[in-house]
Structure formats: C-alpha cells, structure tokens
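# Summary of structural features
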Amino acid sequence: MEYVKTRTIMTKSNQGNLWFGIDYHMNLYRGCSYGCIYCDSRSDSYHIKDFDKIKSKENALQILEEELASKSLKGVVSFGTLSDPYNELEKDYKITREALTLIKKYGFGVSIDTKSDLILRDIDLLKEIAQNNSVIIKISITTYEDELAKFLEPNVISSTKRFEVLKKLRENDIYAGVLMTPVLPFVTDSVDNIKQMVRISHENRANFIYTKMGVTLKSNVHDYYYERIEKLYKGLSKDYKTLYGNNIICSPLKYSDLLEIFVKECNQHHLLCDMGEIIKDYKKKIPLKEQISLF
Ligand code: SF4
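In this report, we go over the structure that sits alongside the text. The model shown is predicted, which means the values in this text are computed figures rather than measured ones.

## Some words on the overall build of the protein chain
- Tallying secondary structure elements over the protein chain gives twelve helices and twelve strands in all.
- Compactness check: the protein chain gives a C-alpha radius of gyration of 19 Å against a globular reference of 19 Å for 295 residues, within 12% of the reference.
- Principal-axis analysis of the C-alpha atoms gives the protein chain an extent of 55 × 45 × 30 Å.
- Within the protein chain, buried positions represent 45% of all 295 residues.
- Excluding contacts between residues fewer than 6 apart, the proportion of contacts in the protein chain whose partners are at least 24 apart in sequence is 80%.

Take a look at the structure:
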C-alpha cells in the first residue's frame, strides 16, 4: 500500500449537533475503491489524487495515539467521512481495527459510516467501547433494489447484505441504523424506494434511518456522475443540467412531499429519523459531563 505523509489524524468537529453528535473527525485512509458514482469525496475540494486508489497515512496509529492521549474531551470520533474505513485493504492491514483498539484504551466513543460487512469482524471491540462511551454505526444504503445499487455502488456488497450487516450489529446490541444518503433525483427518489427503505430498516431492527433528500454534486463530481448516470437512463444528464444548472445541491422536485412521506413512514414504524432525537438516543447513557470526568 502507498502511504502519504500527515501531521494530524483527528480534527475537532464544529458540526456535532448537526451531524450525529460527532466531536472529532478522522480519516485513516485516503481514497476509496468502492466506486460510488455520486461520491462527494471525489471532489477537487478535498485534494485527493487518484481517488480510487486507497492509500494510508504514514505513522497514522502513532499520531492517533498521541492525539487521543492529549485530548481532555473523551468525545465521539467519526471514522470514514471521506473514505470507507472498511475498504478492501483493511482486511489485511487492520488499521481501522488498531485505531478502534486505541479508542477503547483511551475511553473515546465512535461513529462509523460504512458499506462493508467487514465491520462485523470488529463487533468485539465495538461492544467493549460501548461499555464506557457512545457508539453509533451508520450502514450506508441508498436503495433497496440490489440491481440498482450494483450500478450506483459497483464495488460494494448488495443492499440486501448491508441490511443483514445491520441486523447482526443490532443482534449484538450495537446502536446502528441506516444512512440513506444521497437520494438521487429521478433515480432513488421514488415513493416506493422511500417506503421500502423504511420498512426494511425496521424489519432489520434499525435504531434509526436518516436521510437528506438530494445529492451534492461539486464541480468535477458533476461530470463523473453525469457520464455514468447517462448509461442508466439516456438523456438524464441533460435533464439534470436543465433543472439544476451548476447548482451544487440537487434536490428532488417533490422534496417536501417526499420528506413528509418519509417522516410519516418512520413514525408508523417507530423509527427515529430526526437528527436531534438520534443524537439524544445514542448518547443517552453517557452524558457529556460524565464523558469529561470519567477518565
Ligand atoms: S463508499 Fe463512500 S467514500 Fe467510498 S466511493 Fe462510496 S461514497 Fe465514496
């Protein structure tokens, strides 16, 4: 594996209350080979060259340990905002697993976003971390249809398998739910997809399902996405260009109606879908004051 130089691993988050109560961000890897056609991390704004090639950061674990030891707030550390922490190399290199071991040692919490079943390997550590701090796992699923998911996320396990991962995490009493982002206009923004996603999440014992209706398409991501989406529905890229122009945020035409249906379905299935309520729910066992004074 190729390594890139870095001075820091963890960065303080200033969006905790807006995004899953996260206190620190961390990306142990750079790049991702899962090939999602809408991936925002591909944007030039993140300066990741050869995005599809996975690299790691030099001395990542050593730097991480120094940083964990120096922080007074034993908050929630987010894994994988710009790359999936359970990529194909993680199976052999175990960098994410080693980082979780450090998180446990220093008493921090974790928030993990993934599309991979490799997270099941680390259930033992997640359970141990949850004894002293907060743990939240977000399984990223955009559509319940496996064939469509294969097109949108070509190198990822099927949506059906991702729901099974969710179920196994829940069977192990790990707080977990579904991250249904992005919602792609004309592709995954059907009422059927929204209703099925909520229903299947509920059947697999999700604690929550969270969505943001729409997709973020920054400059160079536009072209990458349009080129691929055209293979799915001919003429669709033209419709996007007509409707959204150079907008970065592309929301479904019936945004408000869809959101209303989503919330109604979640309420019927007793699934949390509001960011504030999700944060309150998964952090309820360890109040912030205790997180600071516990260690
Ligand atoms: S798994 Fe996440 S980081 Fe990787 S390509 Fe897909 S959206 Fe991008």
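The rest of the description comes next.
## With respect to the site of the ligand
- In the region of the ligand, the neighbouring residues are Cys32, Tyr34, Gly35, Cys36, Cys39, Ser41, Ser83, Asp84 and Lys115.
- Across the shell around the ligand, the residue classes tally to four nonpolar, three polar and two charged.

## Topic: the pairing of strand S9 (residues 176-180)
- Most of S9 is tucked away: five of the five residues are buried.
- Two strands pair when backbone bridges link them, and strand S8 (residues 135-140) and S9 are joined in this way by four bridges, in the parallel orientation. Bridge pairing in S9 links lysine 138 to glycine 177.
- Sheet topology places S9 next to strand S10 (residues 209-211); three bridges connect them, and they run parallel. Within S10, the position partnered with leucine 179 by the bridge is tyrosine 210.
- For the segment spanning S9, helix H7 (residues 191-203) and S10, crossover handedness is right-handed.

## Digging into unusual backbone geometry
- A cis amide bond links threonine 181 with the next residue in sequence, proline 182, at an omega value of -5 degrees.
- With respect to the helices and strands, the residue proline 182 is situated in the loop between S9 and H7.
- The phi dihedral of aspartate 50 is positive, around 45 degrees, even though this residue is not glycine.
- Its place among the elements puts aspartate 50 in the loop between strand S4 (29-30) and strand S5 (55-57).
- Using a count of 10 C-beta atoms within 10 Å as the deciding quantity, one classes aspartate 50 as exposed.
- For lysine 94, which is not glycine, the phi dihedral falls at a positive 55 degrees.
- Tracing the sequence through the fold places lysine 94 in the loop between helix H2 (90-93) and helix H3 (95-106).
- The exposure class assigned to lysine 94 is partly exposed, which follows from the 14 C-beta atoms found within 10 Å.

## What about the packing of H3 against helix H4 (residues 123-132)?
- Contact pair H3 / H4: the axes reach a minimum separation of 9 Å and the direction vectors enclose 20 degrees. Classified by the angle their axes make, H3 and H4 are roughly parallel. Judged by the sense of rotation from one axis to the other, the crossing of H3 with H4 is left-handed. Along its contact with H3, which presents Arg97, Leu100, Thr101, Ile103 and Lys104, the element H4 presents Leu125, Glu128 and Ile129.
- Across the contact of H3 with H4, the residue classes break down as four nonpolar, one polar and three charged.

## So, helix H8 (residues 219-232)
- Along its 14 residues, H8 runs 21 Å from first to last C-alpha, staying within 8% of the 20 Å computed at 1.5 Å per residue.
- For H8, the secondary structure elements touched by its buried residues are helix H9 (236-244).

## A closer look at the sheet that holds strand S1 (residues 2-4)
- The strand order across the open sheet built from three strands is S1-S5-S4, with neighbouring strands paired in mixed fashion. Every other strand in the sheet has two partners, leaving S1 and S4 as the edge strands with one partner each.
- Bridging between S1 and S5 involves three bridges; their strand directions are parallel. Each residue of the ladder has a partner; that of tyrosine 3, found in S5, is serine 56.

## Some words on the pairing of S8
- Across the six residues that make up S8, a large majority, six, are buried.
- Judged by which residues are buried, S8 turns out to be covered on both faces: Val135, Ile137 and Ile139 on one side and Ile136, Lys138 and Ser140 on the other are all buried.
- Sheet topology note: the strand S7 (residues 109-114)/S8 ladder contains five bridges and is parallel. The residue of S8 that forms the bridge with aspartate 113 is lysine 138.
- Handedness of the S7-H4-S8 crossover: right-handed.

Parameters at a glance
- Residues numbered from 1 in each chain as written.
- Predicted model: local features only at pLDDT ≥ 70, side-chain atom pairs only at ≥ 80, totals over all residues.
- Helix = DSSP H or I, 4+ residues; strand = E, 2+ residues; numbered from the N terminus.
- Rg over C-alpha atoms; globule rule 2.2 N^0.38 Å.
- Buried ≥ 20, exposed ≤ 12 C-beta atoms within 10 Å, placed from the backbone.
- Contact = placed C-beta atoms within 7 Å.
- Near = placed C-beta within 6 Å.
- Nonpolar A, V, L, I, M, F, W, Y, C, P; charged D, E, K, R; others polar.
- Pairing = 2+ DSSP bridges.
- Right-handed = clockwise from strand over helix to strand, strands pointing away.
- Axes fitted to C-alpha atoms, helices over the stretch in contact; angles between N-to-C directions.
- Parallel < 35°, antiparallel > 145°, perpendicular 65-115°, else oblique.
- Left-handed = near helix turned anticlockwise from the far one by under 90°.
- Expected span 1.5 Å × (residues − 1).

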